[in-house]
Amino acid sequence: MTAAGLGWRSRLAVGAVRVANGASRRLGQGSGTVAGGRAGLAIDPSLLARLATGRRVAIVSGTNGKTTTTSLLVRALTPAGSPTTVATNTTGANMPAGHVAALVASPGASRAVLEVDEGYLARLVADTVPDVVVLLNLSRDQLDRVAEVRMVADAWREALAGRGPETVVVANADDPLVTYAARAATSVRWVGAGLVWGADAVGCPACGGRVRTDSGGPGWACDSCDLARPPTTAELADDGVRLDGGEVVAMRVALPGRFNRANALMAAVAAAASAPAGGIAAPTLTEALERIATVGEVAGRFGVVRRGGVDARLMLAKNPAGWTAILDLLDEEARSGRPSPPLVLAVNARTADGHDPSWLWDVPYERLAGRQVVATGDRCRDLAVRLRYAEVDHVTDTDPASALRRAGQGGGSVDVIANYTAFRDLREGR
Amino acid sequence: MTARLDIVVVYPDLLGTYGDGGNGAILARRAAWRGIDATLVQASSDRPLPRGDLYCIGGGEDGPQVRAARNLVADGTLAAAVADGAAVLAVCAGYQLTGRAFPDASGRAVDGLGLLDVTTVKGRGRRAVGEVVADPLPSSPSPAGRAGLPVLTGFENHAGRTAVGAGASPLARVRHGIGNGDGPDGGAATEGAWSGHVVGTYLHGPVLARNPALADLLLGWALGGDVALEPLDDREEEALRAERLSRAGRR
Ligand SMILES: [Zn+2]
């Protein structure tokens, strides 16, 4: 909807978003997006709903892979050779203030793709009436802020239960918590995207029974109710994508790791399931896969930066599932013959990370035995103790820049795995 | 003869939310580094609980906590092992369920195992979340060859308030944080409880990563009490402790 189509209060609110964004950019405080969105919502609490009116909105949520999948979905919805006309919150500002800012920034975009924090999914579904909701996975994250992952699954379920067939839910059938929530929707495309982390789903979210994966085959099922892995329309196979449990088609993904193949498949299925927007029809699954095949870096993840004379490949891991996925990636690469460079692990526990780094003990760092490891970040001492008990040789350096220099002493490039604020600071060169 | 030790992590499928599985791993390593033949068993809730010398019970969410308590009462092995002298480290939800009663999600009292004379009720104030520093009491147990436990450090995250009865003793006095929340108006007073070879605490971290002396106390108990544990190189733990103790209260 154009600004002229909004009521006076919303026009005032949109003005406030623009003013606040400009002001905070001039003051050098971040990108300004969240401050502006907050100002707008304070003036008009229904601003998000109003800005979404008349647009097609796709929503992406889950514990891990949101930013990557959102970015890939934008690409999949953009025909080759045409400029991007999709509104999206690329900065990872994934709460309503960030969504308002994203929509205000692209007043002419008839399509929006929004990354949404798990806790805000219900509000976004109510406010934006999406045509596609992508549900990637649910596992523990930031324990001192998000207490119970099952409560999130319940909130998702309630939000989706009210939606008719105009909202298509693209759901990971390999995640029992996601399946439990998505089952309530009218229209679901089930995708076999795999599950890195199963520990949070051992108890059945529907009945409290036990979810079993040892029944043979790739499936899972509750031993005391009917919750089970649904048949998929698409699932990851060894060398591509298996469609409707039969034919396998090729899939090429430049981003490394199995979890990124999962993100790519979720994005492609979502693109194919979306409604036409602004005269642009949804791509076929094959077209969508082709469009995202060449994306090699998303929001700095897996990008190589030069810091203090050292080339560092930056990888983000925010929680046990994310860390496990990266460790899987390192193993995959080692198996394929890539030399294992020195590794810098950076861990903070600031507000955006969660103040309790106890989750370090849920990460199988034992798998790093034999590698050269430097521990850094605000909480490198917690990490050092964790590595000691994992019997991983390491040195500890509280200063990330100096940790990088240490790891890069041999002259080659280094791999860096960092959690949220540690990653952000390294990427921005702070 | 090499000492043998069976360490059992109780129901990691129900009680494993806060990295507390690390406590079992730490105990097993600290035993192995001293040449003790230690086995670490992850005991799933759908099987009978194995007999062990040392049990670790972790934190968890409300629903799984109730299921774990019911399973453990029905199973009976843990109570029998404790009666035979086995040691127990119970953390957060695990601490609450080793007591006489604890609240379910709606606040109703659920029977605990009664291994510790403590009773937990739902707190009325804010959830206790943050760093804890607590000084062990003069009466608190001491690892063999040491004069008491050093100051305890950890991270708490719980809503319950726990009263320590006459049959148990508080583990420490809170310097920073909430702990048992047994002070006036649910405020800070004591932290944790112990009796016999059972220790309960609200501290995550996990607690033994930040308090290796507590790990050695439990190992000593599990080995029969009179086994001298050779000292380990705990410089990294000491560096972590110093940092956490200097930071607590500054945020
Ligand atoms: Zn069930």
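Note that the structure is predicted; figures quoted are calculated from it, not measured.

1. Quick look at the nonpolar core
Working step 1: Ranked by size, the top nonpolar core spans 133 residues in total, and within it L73(A), L345(A), Y365(A) and L78(B) carry the most contacts.
Working step 2: With eleven residues, the top contributor of residues to this core is helix α9 (residues 258-273) of chain A.
Working step 3: Three or more residues apiece are contributed to this core by two domains, here domain 1 (3-292) and domain 2 (304-428) of chain A.
Working step 4: In contact with L78(B), other than residues within four places in its own chain, are L49(B), Y55(B), I57(B), L72(B), V88(B), L113(B) and L115(B).
Working step 5: Ranked by size, the runner-up nonpolar core spans 47 residues in total, among them A52(A), V104(A), A171(A) and A185(A).

2. Here's the deal with the coordination of the zinc ion
Residues and elements named next belong to chain A.
Working step 1: Summarising the metal site, the zinc ion is bound by the protein donors C204 (SG), C207 (SG), C222 (SG) and C225 (SG), whose distances to it range over 2.2 to 2.3 Å.
Working step 2: Considering all four donor atoms around the zinc ion, the spread of angles at the metal, 101 to 113°, places the coordination shape in the tetrahedral class.
Working step 3: All donors of the zinc ion belong to a single chain; written as a sequence motif, their spacing is C-x2-C-x14-C-x2-C.
Working step 4: Classification of C222 as buried rests on a relative accessible area of 8%.

3. Focus: the domain arrangement of chain A
Residue and element names in this part refer to chain A.
Working step 1: The domain boundaries assigned to chain A delineate domain 1 (3-292) and domain 2 (304-428).
Working step 2: Put simply, the middle of domain 1 and the middle of domain 2, counted by C-alpha atoms, are 28 Å apart.
Working step 3: The interface of domain 1 with domain 2 comprises 15 residues on the first partner and 19 residues on the second.
Working step 4: Summed over both sides, the interface between domain 1 and domain 2 buries roughly 1400 Å², with carbon and sulfur atoms accounting for 56% of that surface.
Working step 5: Between E332 and R261 there is a salt bridge, with its nearest N and O atoms 4.0 Å apart.
Working step 6: Our count for the domain 1 to domain 2 interface comes out at two residue pairs in polar contact (both at pLDDT 80 or more).

4. Focus: the environment of V60(A)
Residues and elements named next belong to chain A.
Working step 1: Position of V60 among the secondary structure elements: in strand β1 (residues 56-61).
Working step 2: On a C-alpha basis, the gap between V60 and P339 in space is 35 Å, while along the polypeptide they are 279 residues apart.
Working step 3: Apart from the residues within four sequence positions on either side, V60 is in contact with K66, T69, T70, L73, V113, L114, E115, V116, V134 and L136.

5. Focus: the state of the cysteines
Working step 1: All chains considered together, the criterion is met by zero disulfides over all chains.
Working step 2: The cysteine C56(B) is free of any disulfide, with C92(B) supplying the nearest cysteine sulfur at 15 Å.

6. Section: the packing of helix α4 (residues 66-76) of chain A against helix α10 (residues 285-292) of chain A
All names here are of chain A.
Working step 1: Running from amino to carboxyl end, α4 crosses α10 at an angle of 115°, the nearest separation of the two axes being 8 Å. At the point where α4 passes α10, the crossing takes the right-handed sense. Of the residues in α10, those touching α4 at L72, R75 and A76 are A288, R291 and I292.
Working step 2: Residue classes in the contact of α4 with α10 are distributed as four nonpolar, no polar and two charged.

Calculation rules
- Residues numbered from 1 in each chain as written.
- Chains lettered and ligands numbered in written order.
- Predicted model: local features only at pLDDT ≥ 70, side-chain atom pairs only at ≥ 80, totals over all residues.
- Heavy atoms only, no water.
- Core = buried A, V, L, I, M, F, W, Y, C linked by side-chain atoms within 4.5 Å.
- Buried < 20%, exposed > 50% of the residue type's maximum accessible area, 1.4 Å probe, protein only.
- Helix = DSSP H or I, 4+ residues; strand = E, 2+ residues; numbered from the N terminus.
- Domains from an automatic or database assignment.
- Contact = heavy atoms within 4.5 Å.
- Donors = N, O, S within 2.8 Å, 3.2 Å for Na, K, Ca; no water.
- Tetrahedral: all angles 85-135°; square planar, octahedral: opposite > 155°, others 65-115°.
- Buried area = accessible area lost by both parts, 1.4 Å probe.
- Salt bridge = Lys/Arg side-chain N within 4 Å of Asp/Glu carboxyl O.
- Polar contact = N/O pair within 3.5 Å; in protein donor to acceptor, adjacent residues only side chain to side chain.
- Disulfide = S-S within 2.5 Å.
- Axes fitted to C-alpha atoms, helices over the stretch in contact; angles between N-to-C directions.
- Left-handed = near helix turned anticlockwise from the far one by under 90°.
- Nonpolar A, V, L, I, M, F, W, Y, C, P; charged D, E, K, R; others polar.

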